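Architecture at a glance
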Amino acid sequence: MGSTSLSATERNLPGASVESVVALAKQLSPELAAAALDADAAAHKVGAAGVLADPTVTLQAWDVNGRGVGQRWIGFEQEFKLWGKLDLERGVAEADAEAARHQSRAVATDLIARVKTAYAQYGAAHRAIDLSLGLKRRLDEILALLRLRYGASSVDQQEVIKAEIEAATAETEVARRQGEAKSTAARLNALIGRDSLAPLAIPRGFRPLKTKLTLAGVQELARVANPALATTSAQVRAATGTKELTDLNYYPNVTVGATFVQRPTGDNTGQFMLNFKVPLQYEAKDAEQRAASSRLGAAQMRYDAIRIRLDGDVAEAWFNLEAVRKAIRIVEQRQLNPARLSVETARSGFAAGAADLATSLEAERRLRAIELEFLKLKVEEQARYAELERLAGGSL
């Protein structure tokens, strides 16, 4: 019963797949939560934009003396923004909220890319442990065979000593790889938003990656979905609205009001008011207009710069990914398979006494070095692919 419960617990742990850690990062990451709250705050500002200011109510007492209050004035005033200013203010707030939403999405895509890369390193660390353990077991077998073959005699004891040193070196490598696995697990937990020592499941392997992608297709997707580009596009719209608002500064707002005058004797009366500010400070308004024009131009230039750089970044990530994949194919086809065949031949020869220890050890070391290099290339492939997804704005 206990083992069944333990197995169920292990199955519920994140870490077996990249999807499990990405989903947990979306739930727990304080970085994502902060970005989402910033976007939420900007969205709520839209409700406060483009509305009339609160009216002003006035209560006045006139001709106050020892006989009491001569007149009571009750009035209100309301300022009206004309010329489409309210719609422009609301449009600027909506553009700002959209920019904040895209910035939140940029934080999310960046974090997910880092989580995917860290997960690949976590999986590679566990695979490296398996490779190191495999080499250690093989060297232990060689050492046992040599001890059985030579016994306690002094003949060829150098080979036994050499095998013992190699076995100890392999054991040291296992300990180092186990430490790296714990280090990568701590890094992955930190990205997710968990305690560094929180348990993780043993990874099942690298996530499958698409191979049928085109550079033009990814670049087109990035132009549509990249959050940084979308953010600057929204900022251009906000700057455009702000520029239009400064153009309307020459047209004043209008304040209207009405007052009810209550008299103790005689008829009650009323009065009406209409006032506006005379826009005489043209120099200040011209300066505001020029500043808004400069901000709009800067926003447009930033958009163009990010768009151009995005195409280059996607191309760079694409060619790096292609280069890594070519290296993987070369190592797999021209190095890994021959090295495995060499190990099998050396093992058979050593067991039959037809090959010396040095040849067998060299074949084993060469195979493990190639396997570790292959593993390193697979991690780099995962990282390059995650970077391409980050630039594209989501999963490919």
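Residues numbered from 1 in each chain as written. Predicted model: local features only at pLDDT ≥ 70, side-chain atom pairs only at ≥ 80, totals over all residues. Heavy atoms only, no water.

**Focus: a nonpolar patch on the surface**
Taken together, the side chains of Leu-52, Phe-80, Leu-82, Trp-83 and Tyr-251 present a nonpolar region at the surface, about 470 Å² in accessible area. Assignment of secondary structure puts Leu-82 in the loop between strand 2 (71-80) and helix 4 (85-150). (Patch = residues over 30% accessible without salt bridge, like charges linked within 9 Å, V, L, I, M, F, W, Y side chains within 5 Å. Areas by Shrake-Rupley, 256 points an atom, 1.4 Å probe, with all protein chains shown as cover. Salt bridge = Lys/Arg side-chain N within 4 Å of Asp/Glu carboxyl O. Helix = DSSP H or I, 4+ residues; strand = E, 2+ residues; numbered from the N terminus.)

**Considerations on the packing of helix 6 (residues 215-225) against helix 9 (residues 357-392)**
Interhelical geometry of helix 6 versus helix 9 gives an angle of 45° and a closest axis separation of 7 Å. If you check the angle between helix 6 and helix 9, you find them oblique. Seen from helix 6, the contacting residues are Val-218, Leu-221, Ala-222 and Ala-225; seen from helix 9, they are Leu-388, Leu-391 and Ala-392. (Axes fitted to C-alpha atoms, helices over the stretch in contact; angles between N-to-C directions. Parallel < 35°, antiparallel > 145°, perpendicular 65-115°, else oblique. Contact = heavy atoms within 4.5 Å.)

**Describing the side chain of Thr-231**
Looking at the secondary structure, you find Thr-231 in helix 7 (residues 227-247). Thr-231 sits in the buried class, given a relative accessible area of 6%. There is a polar contact of 3.4 Å between the side chain of Thr-231 and the backbone nitrogen of Gln-103. If sequence neighbours within four positions are ignored, Thr-231 has contacts with Ala-99, His-102 and Gln-103. (Buried < 20%, exposed > 50% of the residue type's maximum accessible area, 1.4 Å probe, protein only. Polar contact = N/O pair within 3.5 Å; in protein donor to acceptor, adjacent residues only side chain to side chain.)

**Regarding helix 3 (residues 30-46)**
Taking 1.5 Å per residue, 17 residues should reach 24 Å; helix 3 reaches 25 Å between its end C-alpha atoms and fits that length. Those residues of helix 3 that sit buried are Leu-32, Ala-35, Ala-39, Ala-42 and Val-46. The arc that holds the buried residues of helix 3, viewed along the axis, is 90°, so those residues lie on one side. Turned more than 90 degrees from where helix 3 packs its buried face, Pro-30, Leu-37, His-44 and Lys-45 sit exposed. Where helix 3 begins, the capping side chain belongs to Ser-29, and its oxygen is found 3.3 Å from the backbone nitrogen of Glu-31. (Expected span 1.5 Å × (residues − 1). Arc of directions from axis to C-beta.)

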